[in-house]
Amino acid sequence: MRGKSALITGSTSGIGLAIARAMARAGARVALNGFGDASAIEEARASIERDFGVEAIYLAADVGKADDVMRMVRAAEEALFGVDVLVNNAGIQFVATVEEFPVDKWDAILATNLSAAFYAIHHALPGMKRRGWGRIVNIASAHGLVASAKKAAYVAAKHGTVGLTKVVGLEAAGSGVTCNAICPGWVLTPLVQRQIDDLAARAGVSNEEAERRLLAEKQPSQQFVTTDQIAELALFLCSDAAAQITGAALPIDGGWTAQ
Ligand code: NAD
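Residues numbered from 1 in each chain as written. Predicted model: local features only at pLDDT ≥ 70, side-chain atom pairs only at ≥ 80, totals over all residues. Heavy atoms only, no water.

1. Some thoughts on the overall build of the protein
Along the backbone of the protein there are eight helices and seven strands. For 259 residues, the compact-globule estimate of 2.2 N^0.38 gives 18 Å, and the C-alpha radius of gyration of the protein, at 18 Å, lies within 12% of that figure. Each principal axis of the C-alpha distribution contributes one length, and for the protein these read about 55 × 40 × 35 Å. Looking at the protein residue by residue over its 259 residues, the buried ones come to 52%. Of all intrachain contacts in the protein linking residues separated by at least 6 positions in sequence, the fraction that spans at least 24 positions is 71%. Of the roughly 11,400 Å² that the protein leaves accessible, carbon and sulfur atoms contribute 55%. The averaged location of the 27 negative side-chain charges in the protein is 4 Å from the averaged location of its 24 positive side-chain charges. (Helix = DSSP H or I, 4+ residues; strand = E, 2+ residues; numbered from the N terminus. Rg over C-alpha atoms; globule rule 2.2 N^0.38 Å. Buried < 20%, exposed > 50% of the residue type's maximum accessible area, 1.4 Å probe, protein only. Contact = heavy atoms within 4.5 Å. Areas by Shrake-Rupley, 256 points an atom, 1.4 Å probe, with all protein chains shown as cover. Lys, Arg positive; Asp, Glu negative; His and termini not counted. Charge placed at Lys NZ, Arg CZ, Asp CG, Glu CD.)

This is the structure in C-alpha cells:
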C-alpha cells in the first residue's frame, strides 16, 4: 500500500479505526473521518503517524450530507495526492418496529448508511479510473444479506449498499477499480454495545448474559467478529490477489448467513 492513499469514513471508532490503522500499517497515507471528541480524534490521528510513520489527516464531514462528502473527497485528493482506496464505513443504527419507526431516524440511517456511499463513490471514482487503479470497500452487514425484525431502515440501507456495490463493480469492471462489500456479523463496537445495553436492561440480565443471548440468536460461532479481522479482509481486497473480486458481498459473520 506504500504510495497509496486511503479515505475511510467513520474511522474515529470501531471498525473504521481498525481499517485505517491496518491501511497505515501497510504503508498507505490515510484520511480519517467521523464524529467524536476533538482531542480523542487528534490522538487517533497522531498515533497512526507515530506508530506507522505515514501521513494521517482528519477530515470533518457529516457523510449524510452530499456537499460535505464532496468537500471531503476533494480535500483528501488534494492533501493525499488522490484517493486510491475508499472505505465507506460510517454507519448508525436504530431499533423499532416499522409502525413505530420515527421518520427522522429512517431518513438519517438511509443518508448515513447508504446515500453517503453513493456520494463518496460518485466523487472518488473518476480519479481512480483516471489513474487506472482503485479499491472501493463498502462496509455493509449480514443485514445486507438477510433481515432481522425491528431494523427496517438498517436492513433496507445495507441491502441497498450491496446493490450499489454490484452496480459500481459492473460499471468499473476492467478499469483497474474494484468495488466490494464486506458483510460483518456481530462485532463488539460501540454500535453493538448500545444494543447489548438495551437487551441487558430489558431482560434484567448482566452484560455477559446479554452478549451471550445476542450471539446465540444469530451467530453460530458464538464469538464476536473482531475489528482486526474485518480490517485484514479490507486489506486483502486492496491486494493484487483480489483484483478479480468485484461486485461481491463477502460475509464475515461466524456462520450467521449460512443458516
Ligand atoms: P461505531 O459506532 O463504533 O462507529 C461508527 C463510526 O461512524 C464512528 O466513527 C462515527 O463517528 C461515524 N459516523 C456516524 N455517523 C456519521 C456521519 N453522519 N458522518 C460521519 N461519520 C459518522 O460502529 P461500528 O460498529 O464500527 O460500525 C462501522 C460500520 O460497520 C457501520 O456501517 C455498521 O453498520 C457496520 N457494521 C457493524 C457491525 C457490528 O456488529 N458492529 C456489524 C455489521 C456492520
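Now that the structure is up, let's keep going.
2. Section: the pattern of salt bridges
If you walk through the whole model with that rule in mind, you get 11 salt bridges. Glu43 is the salt-bridge partner of Arg50, the closest N and O atoms lying 3.1 Å from each other. Taking the relative accessible area as the measure of exposure, Arg50 reaches 57% and is therefore exposed. Its salt-bridge partner being Glu209, residue Arg213 comes within 2.9 Å of it at the nearest N-O pair. (Salt bridge = Lys/Arg side-chain N within 4 Å of Asp/Glu carboxyl O.)

3. Topic: the packing of aromatic side chains
The tally for this structure, following the rule as stated, stands at three aromatic pairs. With a centroid separation of 5.5 Å and an interplanar angle of 85°, the aromatic rings of Phe94 and Phe101 are classed as edge-to-face. Where Trp186 meets Trp256, the ring centres are 5.3 Å apart and the plane angle is 45°; that geometry is what we call tilted. Taken together, the residues span a long stretch of sequence, with Trp186 in the loop between strand 6 (177-184) and helix 6 (190-203) and Trp256 in the segment after strand 7 (249-252) at a distance of 70 residues. Neither Trp186 nor Trp256 differs from the other in exposure class; each is buried. For the cation-ring pair, Lys4 lies above Trp133, with the distance from its terminal atom to the ring centre recorded as 4.5 Å. (Phe/Tyr/Trp six-rings, centres within 6.5 Å; stacked < 30°, edge-to-face > 60°. Lys NZ or Arg CZ within 6 Å of the ring centre and 35° of its normal.)

4. Things to note about the pairing of strand 5 (residues 134-139)
With respect to burial, strand 5 is a largely interior element, six of its six residues being buried. In strand 5, alternate side chains face the same way, and those of Gly134, Ile136 and Asn138 on one face and Arg135, Val137 and Ile139 on the other are all buried. Chirality of the crossover, the property in question, places the unit of strand 4 (residues 85-88), helix 4 (residues 103-131) and strand 5 among those that are right-handed. The pairing of strand 5 with strand 6 spans six bridges and is classified as parallel. By the bridge assignment for strand 6, Val137 is matched with Asn180. At this point the chain moves from strand 5, through helix 5 (residues 152-172), to the parallel strand 6, and the crossover so formed is right-handed. (Right-handed = clockwise from strand over helix to strand, strands pointing away. Pairing = 2+ DSSP bridges.)

5. Topic: the domain arrangement of the protein
Structurally, the protein comprises domain 1 (5-185 + 226-250) and domain 2 (186-224). Computed from C-alpha atoms alone, the centre-to-centre distance between domain 1 and domain 2 is 25 Å. Taken together, the contacts link 15 residues of domain 1 with nine residues of domain 2. Both faces considered, domain 1 and domain 2 share a buried interface measuring about 780 Å² in area, 62% of it formed by carbon and sulfur atoms. Where domain 1 packs against domain 2, one counts zero salt bridges. (Domains from an automatic or database assignment. Buried area = accessible area lost by both parts, 1.4 Å probe.)

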